[in-house]
Structure formats: structure tokens, C-alpha cells
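Close look at the chain arrangement
The residues making up each chain are set out below.
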Amino acid sequence: MTDYSRFEDDIIVNSYHAQSPNRNGDVPLSINDSTIPNEDGENIDLRNHFDGRLDVIFSDGDRRIDVNQFWEMNYHEASIFLEEGENNEKFDSHPHEPEALPAYLLVHNDWYYGMDLATSLVLIVLAFAEDPATPPFKMPIALHSIIELFALAVIGLGLALKLRWMGWLTILKHKRTMLKCITLTIMIVEAFVVLIRQTSHFRVSRALRPIFLVDTHYLGGVRRFIRQILQSLPPIFDMLLLIFFFVTVYSVLGYYLFKSTTDVHNHFDTLFNSFVNMFVLLTTANFPDIMMPAYSKSKWYSLFFISYLCIVLYLLMNLMLAVVYETFTSIERDKFRKLLLHKRQACKNAFKLLLTKENPNQMEFAQFEGVMRYYAPKKGNRDLLVMFRYLNTSGTGSLTIEEFYGIYDAVMMTWQPQALDTPWYFTASPTVQRICQTANSIISWPYFDHIFYVLTTLNGIAMIERGMQSYPSLQTSVLAFSAGWDTCFFLACFTLEVALKTLGMGLERYFSSGWNLYDFVVTFGGLIAVISLRLFPDFVYVVVFRPLKLLRLFKLKKRYRDIIGTMAILSPLIKSAGCVMLVMYYFFAIIGMELFAGYDMRNCCNGTNIETYYKYTPDKSGYYYLNTFPNLAVSLVTLFELTVVNNWFVVMNGYATKVHAASRAYFVLFYLFTMVVLTIVVASVLEAFRFRIQYKKQTTKRDEEKLLHEEIELKWEDVMNYVKDFQALQKYRSDMFVGVGKISFLGSRPRNRQVLQRRMYRHEIEQWMQEAAAIDKRL
């Protein structure tokens, strides 16, 4: 890679300004003066001096400056701006001086991204080996302390490099980075203390380790989801305050109504217990047990509990979901707007660095090619020409700033030549061509798919029939179900379908369809299942592949297609939500281990109303004594049980009895955190489904094809207008235009939420861009 230095809007070398021309001899617009002094003190006009040469070198004392670097500087910096726009990074973290760039490049590369992710995961997994450790993974204190310090050192190196180009003032303003610095400092000190003392201590700070993981490059979606959670908290807090008001009112009323109940299961003997049990009732985990003692005294008391659940559970909790849904919808729209305008600003910043004095308002192809070399290095020469042609809607041969705003869309698309309209097998031997042509004709038959829908239905009927039969052993049943003659017959049919489609369509076109990919995986898995069960009859896990084939039938009904389509659109969000849940589990698991790791819950609650749950005897047990926090693995299982809610109060009251009444705060907070996250997840699913249905109503199949595909025509005259370099022209002619004067290209966009949002918000986008342009004019 060419050495790079950043020079703001002007390139400054000691006391003068200089930049190299591009391939056409043009001088960058950012130069303040078209003349520079040579080593003899004479002024040289750059535009007349270079005459298209790229290897001119100026001498400044002992320092020699290759002016060919300077355009590379601008290309590289412009690509950084585009990357910051794509990743939604603030521009104040942009490198501001030449010496800072090496640190920036070290942090922003795939090797460091992978190392940062790996060390963050090591810190997370290290909790399995630290006291209290999961037995198979237990390590000596010295070993896991050294590993921890090494991982923290790698993360610290990244922060030190960030400090090199961001500076303390920027880091102090950057809350996430500042929190990361503070957490890193605390953990380094604690790790040294553990290593020196050779014993662990109350290390609740380990719960903050996920901060490092969330801050990695690959978890940008998780950071955005956490940001949406934080933005949704105000209305959630408002609704929780209202809910807790009613819980308190009913707790006070219940205390005075039912305190006199002498039953051993009295839940209202104190105001505190009354509040705790009414809060648990909000989750319905203790219903109807909490009602029955009072109900036995008077049937009218049931109205107290019924009215409570109707108001708090069915009305207020659902209202909270509605409020969160509305908030989430507006946040999603606002997030899309901000990201769009952020990308627009990134394009503006990059565009300024790609102009020349000869053409101060438009970008030439040479500059476009230069910046793409850094921003999209995997794009070939043909792709660059096609992208430039796609962006250059005016046909002038140069890009205006309005045209350059579409750069992210152009880079996102994949372009395929359509001019020759030949099948994938046209270069194969005649025999292969005949076979593939026959396969193409078969799969093009209108009833081809219908035949395999019928076969899939018959496969389902055969599975039901197999499931209803009796077999002498489990192994015999498994073999009959997943490796019997009927299974082999249907697998042969489905394998034939896959073979015909791959031969007729080609691998690239076949696997471009999600349904085809699913069919291939399930069919291939079914073949593996038959072979595995014949060799290893106890390997029963593979039986799942046969029933999975039935999912294909859901494709026939539009409602199921909408649901599956929504799931596909939601997959990034679901992955982010899943990561957030895991982070929350890890956080509470570490705290739970620190608080409750040393307690044995067997027979902990004798004489209480949960005694039977924790009863431990050789012949009969309540098994709830297993819900403990002895290590990370068991703690995570316990937390999942609490998430399901069923009888979660039994675990809470068990620790309140064994440890301290204040222990309830831990379990209540975990429930509230889980409820908030799950409520936002549900709201996001509802919003995505509503978005999908709205999109389907407003968009026809033809409109969707236009949205997902763009067709352009590239002529040889266009290429000659763009490319001024003779050698490059000859290369394009030989690679692309042999025997033809023009080629049609089809660009395909991925079917993701961002693309669909551009369609749904197209009118708003026009308004946002006009407002931004008006602001630019005023500035």
C-alpha cells in the first residue's frame, strides 16, 4: 500500500502546498496555489510541469517527496470517509494528522478486527475457568490471570492506538470508549491483585466484560439494538411507574384485607410480603395459589385478584407493549433518516477530496477508480465502469455530488452481463450441453414444482404412518422412520430434483434462492441421515432432516410466505437481540455467582410454604435445590428457568430464606431487565411484520423487480469518454467489447430491510435530501 498522510483540505509539505496530478495531468482542487518552489527557490506551475507524468519527485533538503503519493492520499482519505458513513461512525474520530494514520490503519483492518473479537471472547469464556469454575475447565489462578492480562493488553493496545488519532478530548466525549477505558483500568488492576495474592476476591466487575465484546467491529448491530433499547426506556419507565403504582395500591389493600388469614400459606402477613407476592402475581407464576386462602374465606375476594390481573396484566402490560411499539417505530424511522444523512455527509466529505482545479464541480472516472481501489478493492475494472455508468445518470462522463450520493447503492449491487444471453453451460462440451439443456427444459415445465409438492405431501403422510406403527425397539423405529424404503424413495426423488435444477440453472443461480439452498441442505442432510443410521443406529439426532422437508409446503400459502419473509428480514435484528440477551445473562450470572455461589439449597426452607420444593431426601426430592449459582454454566441454566417465569418466585424466596430478604432485589431486577428486552424484541417483530405487510400492499411484483434490479447499457463510446489512459482502453476493449459495441448489465440488490426501507420511505427521502441541500446552501 502506498504511504499515506492526511492534509485536511490542503496538502501541506513543510511550508508549501503540493499535490500530484491524476492520470490526465489534472491537479486536485484542494491545492491553494498551482505553483510550488523547487529546490532552487524557483516557482513551478504544476499543471504545466507534470504533463501527465506520474513519477515526478520534488526534493526538500534531505527529504524527497514522491508527488504521486498525493492523489493516493486523497483517495485513501476519501475511502475512510465513505467507510465512516457506512459504519455510522462519527466524523470526529477521523484521523486529523499524518502521523495518526498508521495507528488508524492498524485498528481498521481485518486482522485487528479478528484479534479484537477473539480476545474479547477469551475474556468472556474465561469465567468458566475462574473460581467458582466449571469443573472440566478449571485452571490454576496464575494461568487464567496471565491469559486475562494478555487479553486486556491486546484490548488496551487498541485503545492506545485510538487515542493516537482521536485524542483525549474526543475520547472523553465518546461515552462508549470512555466506559471501555474505565472498565479496562479496573480489570487490569484486579487481575494483578489476583495474580499477586493467588486467590480471587469479590470480582463483580467481571460482569462488565461483555463491554469489550459489544465494542468490536462485528457487533455493530448489537450496539444499534442496545441504543434502541436505551432510547425506548423513557416510555417503558413511565409505564412501569404506573404499573408499580397499582401494584402498591393492591398490596396495601391486600395487606389489610387478608392479614388476618391464619392459613400457613398466608401471603399478606407483612406489607413487604404483600408487595412481593402481588408483584409475583403480575407474572401469574403464583396464581391461583395466592388467591385460594382468601377465596376459601369468601368467594367475593376473588374480585380483588381478578380486577388486579385485568388492570395490571391485561391492560397496563399490553399498553406498555403498544407504547414501546409506537416508540420503536418512530425510532426505526428516525434511525434510517439519520443514517441516510450521515452517509450523505460522508459522500460530501469524500467528494471534496476527489475534485480537480480543471473540473471543480464534478468527479472524473480516474478519481472514482482511485477511491474505489481503497473503498471497494474487490470490485474489478468492469464493475467500476458499470458502477460509474450507473451513477452518471446525466451522461456527462463526470459525476456531480448528487450523483455521487448513490455510491453506497452502486457498491452494494452485484453486476452481471446480460448482452449475450447465453446459459451457463454454453462453453461446455456438446454432451454436457445436451444434458443441461434437457434438465433446463424439464425444470421449465409448468407442472415441475407441483409434482414435487405432491411428493412432499406424500412424504409427510408416510411419516405419519410410520409414526403410528409399533416397533420392538427404539433403534428399529428410528431406522424405519429415517432410513426405511419409503425414506430412500422420497430422498431419491428430491435428489433428482436438486440435480435437475443445478444442471439446468447452474450453481450460482440455483443457490441465489433461499428456498433452493434450504432444499439442498435438507436433502443432503437426509442422505447423511440414511448412511449414518445404517452405520450407527444409536445416532438418532439425524431423524430431524426428514420432517424438515415439510416446511417447503408452507411456501404455497401467502401468509406463510409473508411470515418466512419477515423472519428473513428480521434475522439480523434477531441475532442482535440474541446477543443482547446473552450479554444480559452473562452479566447477571457473574453477579449471581458472586452473591450466591457458596450456598447449599438442600432443605433450606423447612417451615416455609416452599419447603416441599427444596426437600432433599434419599428417596424423594423437590429438585429445586439444583437451581443454584455454583459456576457459570449452571448459573445460565438457572437464569433461563427464571426467564420462563414458571415458579420463578420459588427460587427467589428460597434465596431470600437462605441468604437474606434483600436477595429478592437480584431476582426482581433480572425479571425487569428480561421483560424490558423481550418487550422491545416483540415490538421490533411486530414493527417488522407491519412493515412487511405494508410493503407488500404498496408494492407489486413488477415494482419489486424494479427495486431489486437495475439494468444499464454500457457502450464503447461511454468507456472512451470515461477512460483517458490508452493502455486501459485497450484492456477494456479486449476484455469486454470483443465483437460488440455495447453490453447490457443487470445489477441486483440484496433483499434486506435497508433496501425495502428506501422504497417505503422514498417520498420522505426526497424531502430529507431537499432539507439537507437547503441547509448546505445556507452554510
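Above this text is the structure in question.
Let me begin by describing the structure that accompanies this report.

Cut-offs used in this document
Residues numbered from 1 in each chain as written. Predicted model: local features only at pLDDT ≥ 70, side-chain atom pairs only at ≥ 80, totals over all residues. Heavy atoms only, no water. Helix = DSSP H or I, 4+ residues; strand = E, 2+ residues; numbered from the N terminus. Buried < 20%, exposed > 50% of the residue type's maximum accessible area, 1.4 Å probe, protein only. Contact = heavy atoms within 4.5 Å. Areas by Shrake-Rupley, 256 points an atom, 1.4 Å probe, with all protein chains shown as cover. Axes fitted to C-alpha atoms, helices over the stretch in contact; angles between N-to-C directions. Parallel < 35°, antiparallel > 145°, perpendicular 65-115°, else oblique. Left-handed = near helix turned anticlockwise from the far one by under 90°. Nonpolar A, V, L, I, M, F, W, Y, C, P; charged D, E, K, R; others polar. Phe/Tyr/Trp six-rings, centres within 6.5 Å; stacked < 30°, edge-to-face > 60°. Polar contact = N/O pair within 3.5 Å; in protein donor to acceptor, adjacent residues only side chain to side chain. Pairing = 2+ DSSP bridges.

The secondary structure content of the chain amounts to 31 helices and nine strands. Residue burial in the chain is summarised as follows: out of 779 residues, 47% are buried. Within the chain, residue pairs in contact and separated by at least 24 positions form 73% of the contacts whose partners lie at least 6 positions apart. Carbon together with sulfur atoms contributes 62% to the accessible area of the chain, which is approximately 39600 Å² in total.

A separate point is the packing of helix α19 (residues 485–505) against helix α21 (residues 514–535). The description of two helices packed together rests on the angle between their axes and the distance between the axes. At a minimum axis distance of 10 Å, the contact between α19 and α21 shows a crossing angle of 140 degrees. On the basis of the axis angle, α19 is oblique to α21. The interaxial crossing formed by α19 with α21 has left-handed handedness. Taken together, the residues of α21 that come into contact with α19 (itself represented by T487, C488, L491, F494, T495, E497, V498, K501 and M505) are N516, D519, F520, T523, G526, L527 and V530. Residue composition of the contact of α19 with α21, grouped by class: eight nonpolar, five polar and three charged.

Right, let's get into the packing of aromatic side chains. Each aromatic ring pair is specified by the distance between its two centres and by the angle formed by the two planes. Enumeration over the complete set of coordinates arrives at 50 aromatic pairs. Note on F388 and Y722: the rings are 4.8 Å apart at their centroids and 70 degrees apart in plane angle, and the pair reads as edge-to-face. Of this pair, F388 sits in helix α13 (residues 381–391) while Y722 sits in helix α28 (residues 716–722), and the two are 334 residues apart along the sequence. Each member of the pair, F388 as well as Y722, is classed as buried. With centroids separated by 4.8 Å and ring planes inclined at 45 degrees, the aromatic side chains of F596 and Y655 adopt a geometry described as tilted. With F596 in helix α23 (residues 558–596) and Y655 in helix α25 (residues 648–658), this pair connects stretches of sequence that are 59 residues apart.

Turning our eyes to something else, we now look at the side chain of S398. Positionally, S398 belongs in the loop between α13 and α14 (401–404). The exposure class assigned to S398 is buried, which follows from its relative accessible area of 6%. Of note is the side chain of S398, whose polar atom sits 3.2 Å from the side chain of E364. Contact partners of S398, with chain neighbours within four places excluded, come to N359, Q362, M363, E364, F388, N392 and E403.

Within the secondary structure, H267 sits in the loop between α8 (220–258) and α9 (271–282). If we skip the residues at most four places from it in the chain, H267 touches N273, S274, N277, D289, I290 and N609.

Relative to the assigned elements, L82 resides in helix α2 (residues 68–86). Look past the residues within four positions of L82 in its chain and what remains in contact with it is A346, C347, A350, V371, M372, Y375, F404, I407 and Y408.

Another point: the sheet that holds strand β9 (residues 742–748). As summarised here, the arrangement of the three strands in space is β7-β9-β8, forming an open sheet in which the pairing is antiparallel. The open sheet has two free edges, formed respectively by β7 (414–417) and β8 (709–715), since each of these has just one partner strand. On average, each strand axis in the sheet is tilted by 30 degrees relative to the strand beside it, whichever way the strands run. Two strands pair when backbone bridges link them, and β7 and β9 are joined in this way by four bridges, in the antiparallel orientation. Note on β9: the bridge partner recorded for Q416 is L746. Docked against the sheet, α13 engages β7, β8 and β9, running at close to 105 degrees with respect to β8.

This next bit is on the environment of V634. Relative to the elements of secondary structure, V634 occurs in helix α24 (residues 632–644). Take V634: its relative accessible area is 28%, and that puts it in the partly exposed class. For the pair V634 and T134, spaced 500 residues apart in sequence, the C-alpha separation works out to 8.4 Å. Setting aside its immediate chain neighbours within four residues, V634 contacts L626 and T628.

Turning our attention to the packing of helix α11 (residues 302–352) against helix α26 (residues 664–698). It is the contact of α11 with α26, at a shortest axis distance of 9 Å, that shows an interaxial angle of 60 degrees. Between α11 and α26, the interaxial angle falls into the category oblique. The chirality of how α11 crosses α26 is right-handed. Contacts between α11 and α26 involve M317, M320, L321, V324, Y325, F328, T329 and E332 from the former and M675, T679, I680, V682, A683, S684, L686, E687 and R690 from the latter. A class-by-class count of the residues in the contact of α11 with α26 yields eleven nonpolar, three polar and three charged.

When you tally the buried positions in helix α12 (residues 365–375), you get ten out of eleven residues, the bulk of the element. Among the residues of α12, those classed as buried are F365, A366, Q367, F368, E369, G370, V371, M372, Y374 and Y375.

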